[in-house]
Amino acid sequence: MADYPQTVLEFNDRFHNEAACRAYLETLRWPEGPRCPRCPQAKVWTMKAPFYRCAACGHDFTVTAGTLFADTHLPLRLWFQALWHVIHQKNGASALGVQRVLGLGSYRTAWRWLHKLRRAMVRPGRDRLSGTVEVDEVYVGGERPGKRGRGAAGKALVLIAAQVDGGKIGRIRLARVADASTAALVPATTAAVSPGSQVLTDGWSGYATLQAKGYRHAVVRDSAVVGANLLPRANRVAALLQRWLLGTHQGAVAAAHLDYYLDEFTFRFNRRTSGSRGLLFQRLVEQALALAPVRGDELVGGKCPK
Ligand SMILES: [Zn+2]
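Residues numbered from 1 in each chain as written. Predicted model: local features only at pLDDT ≥ 70, side-chain atom pairs only at ≥ 80, totals over all residues. Heavy atoms only, no water.

## So, the overall build of the protein chain
Stated precisely, the cut-off is as follows: Per the convention used, a helix needs a DSSP run of H or I reaching at least four residues, while a strand needs a run of E reaching at least two, with both numbered from the N terminus. Exposure is judged per residue with a 1.4 Å probe applied to protein chains only, and the accessible area is read against the type maximum: over 50% gives exposed, under 20% gives buried, and values in between give partly exposed. To measure how exposed things are, a 1.4 Å probe is used in the Shrake-Rupley method; for residues, cover is taken only from the protein chains shown.
What the protein chain contains, in helices and strands, is nine helices and eight strands. Across the 306 residues that make up the protein chain, the buried fraction comes to 48%. Summed over all atoms, the accessible surface of the protein chain reaches about 14,400 Å², with 52% contributed by carbon and sulfur.

## Some details on the nonpolar core
Across soluble globular proteins, nonpolar side chains have a tendency to be buried as a group. As a reminder, the rule being used: To qualify as a nonpolar core, a set must consist of buried Ala, Val, Leu, Ile, Met, Phe, Trp, Tyr and Cys residues joined through side-chain atoms within 4.5 Å. We call two residues contacting when some pair of their heavy atoms lies within 4.5 Å.
Ranked by internal contacts, the top residues of the largest apolar core, which has 71 residues, are Phe 69, Phe 80, Leu 174, Val 237, Phe 281 and Val 285. Once residues lying within four places of it in the same chain are set aside, the contact partners of Leu 174 are Val 158, Leu 159, Ile 160, Val 237, Leu 241, Leu 262, Phe 265 and Thr 266. Ranked by size, the runner-up nonpolar core spans 19 residues in total, among them Ala 184, Ala 188, Ala 192 and Leu 210.

## What to know about the coordination of the zinc ion
Stated formally: Coordination shells were defined by N, O and S atoms within 2.8 Å of each metal, extended to 3.2 Å for Na, K and Ca; water is absent from the atom set, which can make sites look incomplete. In these descriptions, tetrahedral denotes four donors with every angle between 85 and 135 degrees, square planar four donors and octahedral six donors with opposite donors over 155 degrees apart and the rest between 65 and 115, and irregular any other case.
All of the protein donors around the zinc ion are Cys 36 (SG), Cys 39 (SG), Cys 54 (SG) and Cys 57 (SG); their distances to the metal are 2.2 to 2.3 Å. For the zinc ion, the four donor atoms in the first shell make angles of 106 to 113° at the metal, so the coordination geometry reads as tetrahedral. Read in sequence order, the donor residues for the zinc ion give the motif C-x2-C-x14-C-x2-C.

## Some details on the packing of aromatic side chains
Where we set the bar: Between 30 and 60 degrees the pair is tilted, below 30 it is stacked and above 60 it is edge-to-face, where a pair is any two Phe, Tyr or Trp rings, Trp via its six-membered ring, whose centres lie within 6.5 Å.
Across all of its chains, the model carries 19 aromatic pairs by this definition. An angle of 20° between the planes, with centres 4.5 Å apart, marks the rings of Phe 11 and Trp 84 as stacked. One end of the pair, Phe 11, is in helix 1 (residues 8-14); the other, Trp 84, is in helix 3 (residues 76-88), and 73 residues separate them in sequence. Between the aromatic rings of Phe 69 and Phe 80, the centroid separation amounts to 6.4 Å while the plane-to-plane angle is 50°, which identifies the pairing as tilted.

## Digging into the layout of surface pockets
Rolled over the atoms, a probe as big as a water molecule pinpoints where empty space is left. Put simply, the test is: A cavity here means a set of points on a 1 Å grid, drawn over the protein atoms and nothing else, where a 1.4 Å probe fits but cannot get out; a pocket is an open set with protein on both sides within 12 Å along at least five of seven lines, and a residue lines either one if it has an atom within 4 Å of a point. Grid points are joined across faces, edges and corners, and a volume is the space filled by probe spheres set on the points. Amino acids are sorted into nonpolar (Ala, Val, Leu, Ile, Met, Phe, Trp, Tyr, Cys and Pro), charged (Asp, Glu, Lys and Arg) and polar (every other residue, Gly among them).
Here the largest pocket is characterised by a volume of approximately 470 Å³. Along its surface, the largest pocket is lined by 16 residues, and Lys 90, Trp 244, Arg 268, Phe 269 and Arg 272 are the ones closest to its centre. Residue contributions to the lining of the largest pocket peak at four residues, all from helix 7 (residues 232-249). Counted by class, the lining of the largest pocket contains five nonpolar, four polar and seven charged residues.

## Here we look at the environment of Arg 100
Here Arg 100 lies in helix 4 (residues 95-102). Assessed through its relative accessible area of 64%, Arg 100 is described here as exposed. A sequence separation of ten residues divides Arg 100 from Ala 110, and the C-alpha atoms of the two residues are 8.9 Å apart.

## Here's the deal with the sheet that holds strand 3 (residues 60-61)
Stated precisely, the cut-off is as follows: Pairing between strands is defined by DSSP: at least two bridges between the two strands are required.
Here we have three strands laid out as an open sheet, ordered 1-2-3, and antiparallel in their pairing. The open sheet is flanked by strand 1 (44-46) and strand 3, the only strands paired with a single partner. Where strand 1 lies against strand 2 (residues 52-54), three bridges are found, and the strand directions are antiparallel. From the neighbouring strand, Trp 45 faces strand 2, where its bridge partner is Arg 53.

## Quick look at helix 4
Within helix 4 the residues assigned to the buried category are Ala 95, Gly 97, Val 98, Gln 99 and Leu 102. On its buried side, helix 4 packs onto helix 3 and helix 5 (107-121). Downstream of helix 4 by a residue or two, Gly 103 has a phi angle that is positive, lying close to 65°.

## Observations regarding helix 9 (residues 277-289)
Spelled out, the test is: Expected span of a helix: the number of residues minus one, times 1.5 Å. For this analysis, a polar contact is any N or O atom pair within 3.5 Å, provided that within protein one partner can donate a hydrogen and the other can accept it, and provided that sequence-adjacent residues contribute only side-chain to side-chain pairs.
Taking 1.5 Å as the rise per residue, helix 9 with 13 residues should run 18 Å; its terminal C-alpha atoms sit 18 Å apart, in good agreement. For helix 9, the tally of buried residues reaches ten of 13 residues, placing the bulk of the element in the interior. What helix 9 keeps buried is the set Gly 278, Leu 279, Leu 280, Phe 281, Gln 282, Leu 284, Val 285, Gln 287, Ala 288 and Leu 289. Two to three positions downstream of the cap, the backbone nitrogen of Gly 278 sits 3.1 Å from a side-chain oxygen, assigning the N-cap of helix 9 to Ser 276.

Structure below.
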């Protein structure tokens, strides 16, 4: 079901108060009417808004219970503004941008908020890539993407998995890895790609055990040189990621922030053909509804860098 505002005016008209935001959440979460989170089959009574009561267990609940939105006493309107803002930042959202747009008093609050939104960008229970997948790893954070062993200081190593879709790139997965060892690369690859898939890599020994893990592993080149284009999809994603990071943060992405940006990049990339920012907004709201609340100490790194 597609149901979303197309323009900022539609957005402002539609989500003008808490009840309107709540009604939107209810439509997305409960297309067939309110359901008790404990007994989904039971009859539900409508109580004083925004509450519902389960006829079976007596539990009182609201549409935000058990979702990312339950996590705060801040208004839903502010949440919606934050989501709308993030969706419209072509080069990715920054904590400073979120702070300015929402008029938040502290950078810390904005930073924490951004990292909650990040969780909504990772589809809960998302599936792994399958079919034929190019896998490569690249250093990001410097002036240019680099390969292993080359000027790695101050950079982070990212594993890139890019699905082959004819001549095009299908979906992608990105993951920060500690180093280019088998112990780092193989678990990251198996988390991103389903067993039985064909995995194309260069001749780096770090991938040598994939075959034994149930993958059809094919080495497509021996020399690890960016631009050789024997893994054109992974290389293309690496270049786009690097450009995006540079455009957003002049490349200066702290290690603690990188996970967030990898997830945001993946979210945008895998929906790049949807054509509508409004649809991205709806998807982000849906995914936030599917998430359990997050505590501050569960955020990446556990604390704000500033
Ligand atoms: Zn119940």
